[in-house]
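Commentary on secondary and tertiary structure
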Amino acid sequence: WINFPLSELGYPGESRVLDITKGNDGSIWLACAFAGLGKLEKNVRIKWIKFNYENYVSSVSIDKNGVVWVTSNDGVYIVKNGGFEEPEGLKIDKKFYRRIFFTGNDELFLASLEGLIWKTKNNIKYLSVKDKEQANNVYSVFKYIKNNVFICTRDGLYILKNDSYEKYYNLENGFKIDMAVY
């Protein structure tokens, strides 16, 4: 068991687990808001890496090289030398990113309140849906068969199409989701 401290109101708001992933070495990485980033090792010990108090860890993911990436309310970082550093070559705004996702094609996706950032080997694209604020409130990304990339938003389910995303609608069976998809 891992016991996280409760807030003064009796809930784990400041230290709750917001995201979890498995490292290449079998360790488990926990994005735990203001508690920081926890590495649960095979011997069941947990090591913490923390920002200063103003920053929190919102998401964690591992790239194909085993590098641990985190998102925070102040940008994107990698774990290096026992702390957080800005990744080289990633020129994006320092702001809140809700989640970080990698696909098998060296792609990086960052979900935010203002749309989606899609980084391929040589490009960074800022994607959003014009005049659809709820669609730009992105919660998660999921790569499905045949390179379909689903985008889960407050406005429902979307799909990546070329350099933008649009509402997903299956013509064969009429399937679509118009409510928030987390």
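Throughout this description, residue numbers start from 1 for each chain and increase along the sequence as written. Predicted model: local features are reported for residues with pLDDT of at least 70 only, side-chain atom pairs are reported and counted for 80 or more only, and whole-chain, interface and lining totals are derived from all residues. Excluded from the side-chain calculation are hydrogens and water; included are all heavy atoms of the structure.

The next subject is a nonpolar patch on the surface. Residues enter patches when their relative accessible area tops 30% and they take part in no salt bridge; the joining distance is 9 Å for like charges and 5 Å for the nonpolar side chains Val, Leu, Ile, Met, Phe, Trp and Tyr. Areas reported as accessible are Shrake-Rupley estimates using a 1.4 Å probe. Residue values count occlusion only from the protein chains shown. Just to be clear on terms, a salt bridge is a Lys or Arg side-chain nitrogen sitting within 4 Å of an Asp or Glu carboxyl oxygen. Together, F142, Y144 and I145 give the surface a local cluster of nonpolar side chains, amounting to about 330 Å² of exposed area. Here a strand is any run of E in DSSP of at least two residues, a helix any run of H or I of at least four, and the numbering for each starts at the N terminus. Considering the arrangement of structural elements, one finds Y144 in the loop between β13 (138-143) and β14 (149-153).

Before going further, it helps to examine the layout of surface pockets. Buriedness for pockets is judged along seven lines, at least five of which must meet protein on both sides within 12 Å for an open set on the 1 Å grid over protein atoms alone, while cavities are sets there where a 1.4 Å probe fits but cannot get out, and lining residues have an atom within 4 Å of a point. Grid points are joined across faces, edges and corners, and a volume is the space filled by probe spheres set on the points. Its boundaries defined by the atoms lining it, the largest pocket holds a volume of some 400 Å³. For the largest pocket, the lining is made up of 22 residues, of which D63, N65, W69, F102 and K119 are closest to its centre. Per-class residue counts for the lining of the largest pocket are eight nonpolar, four polar and ten charged. When residue character is reported, Ala, Val, Leu, Ile, Met, Phe, Trp, Tyr, Cys and Pro are called nonpolar, Asp, Glu, Lys and Arg charged, and the others, Gly included, polar.

Okay, the pairing of β14 next. A simple rule labels every residue: compare its accessible area, found with a 1.4 Å probe on the protein chains alone, to the largest value its type can have, and call it buried under 20%, exposed over 50%, or partly exposed in between. For β14, a buried count of five out of five residues is recorded, marking the element as mostly surrounded by other parts of the structure. Alternating positions in β14 separate into two faces, V149, I151 and T153 on one and F150 and C152 on the other, with burial throughout. When DSSP locates at least two bridges between a pair of strands, those strands are taken to pair. Here β14 hands over to strand β15 (residues 156-161) after two residues, the two strands then running antiparallel side by side.

A sheet is described by the order of its strands in space; here four strands give the open sequence β9-β10-β11-β12, paired in antiparallel fashion. The open sheet has two free edges, formed respectively by β9 (99-102) and β12 (124-127), since each of these has just one partner strand. The sheet shows a mean angle of 15° between the axes of neighbouring strands, taken without regard to direction. Here strand β11 (residues 115-119) pairs with β12 via four bridges, running antiparallel. When the sheet's bridge partners are listed, I117 is paired in β12 with Y126. Here the axes come from fitting lines to C-alpha atoms, over the contacting stretch only for helices, and the angles between their N-to-C directions go from 0 to 180 degrees.

With that settled, consider the nonpolar core. Considering soluble globular proteins, one finds that nonpolar side chains tend to be buried as a cluster. Put simply, buried Ala, Val, Leu, Ile, Met, Phe, Trp, Tyr and Cys residues joined by side-chain atoms within 4.5 Å make one nonpolar core. Core analysis: the largest hydrophobic core is formed by 15 residues, its most contacted members being F109, L116, I151, L160 and Y165. Secondary-structure elements contributing two or more residues to this core are β10 (108-112), β11, β13, β14 and β15. Contact criterion: two residues are considered in contact whenever any of their non-hydrogen atoms come within 4.5 Å of each other. For F109, the contacting residues outside a window of four places in its chain are R99, I100, F101, T103, L116, I117, W118, V141, V149 and L160. Formed by 13 residues, the second largest nonpolar core is a distinct cluster that contains V57, I62, Y77 and V79.

Below, the discussion takes up the environment of S140. One can find S140 in strand β13. Taking the C-alpha atoms as reference points, S140 and A35, separated by 105 residues in sequence, lie 22 Å from one another. When neighbours within four sequence positions are excluded, S140 is seen to be in contact with F101, F150, I151, C152 and Y182. In the analysis that follows, any N or O atom pair within 3.5 Å is treated as a polar contact, provided that within protein one partner can donate a hydrogen and the other can accept it, and provided that, for residues neighboring in sequence, both atoms belong to side chains. At 2.9 Å, the side chain of S140 forms a polar contact with the backbone oxygen of Y182.

Okay, the packing of aromatic side chains next. Classification of ring pairs rests on two measures: the distance between centres of Phe, Tyr or Trp rings, Trp counted by its six-membered ring, which must be within 6.5 Å, and the angle between planes, read as stacked under 30 degrees, edge-to-face over 60 and tilted in between. Applying the stated rule across the entire model yields ten aromatic pairs. Measuring from centroid to centroid gives 6.2 Å for F142 and Y144, while their planes differ by 40°, and the two rings are tilted. Exposure remark for Y144: the relative accessible area of 43% places this residue in the partly exposed category. Consider the rings of Y144 and F150, whose centres lie 5.7 Å apart with planes at 50°: the pair is tilted. Put simply, the rings of F142, Y144, F150, Y168 and F175 touch in pairs and so form one group of aromatic residues. Cation placement over rings: the criterion is NZ of Lys or CZ of Arg within 6 Å of the ring centroid and within 35° of the ring normal. Between the NZ or CZ atom of K125 and the centre of the ring of W118, over which it lies, the distance is 4.9 Å.

All right, on to unusual backbone geometry then. Located in the positive-phi region is D131, a residue other than glycine, with phi close to 60°. Inspection of the secondary structure assignment puts D131 in the loop between β12 and β13. By relative accessible area, D131 is classed as exposed at 72%. Of note in this structure, N162 is not a glycine but carries a positive phi near 55°. Here N162 is to be found in the loop between β15 and β16 (164-167).

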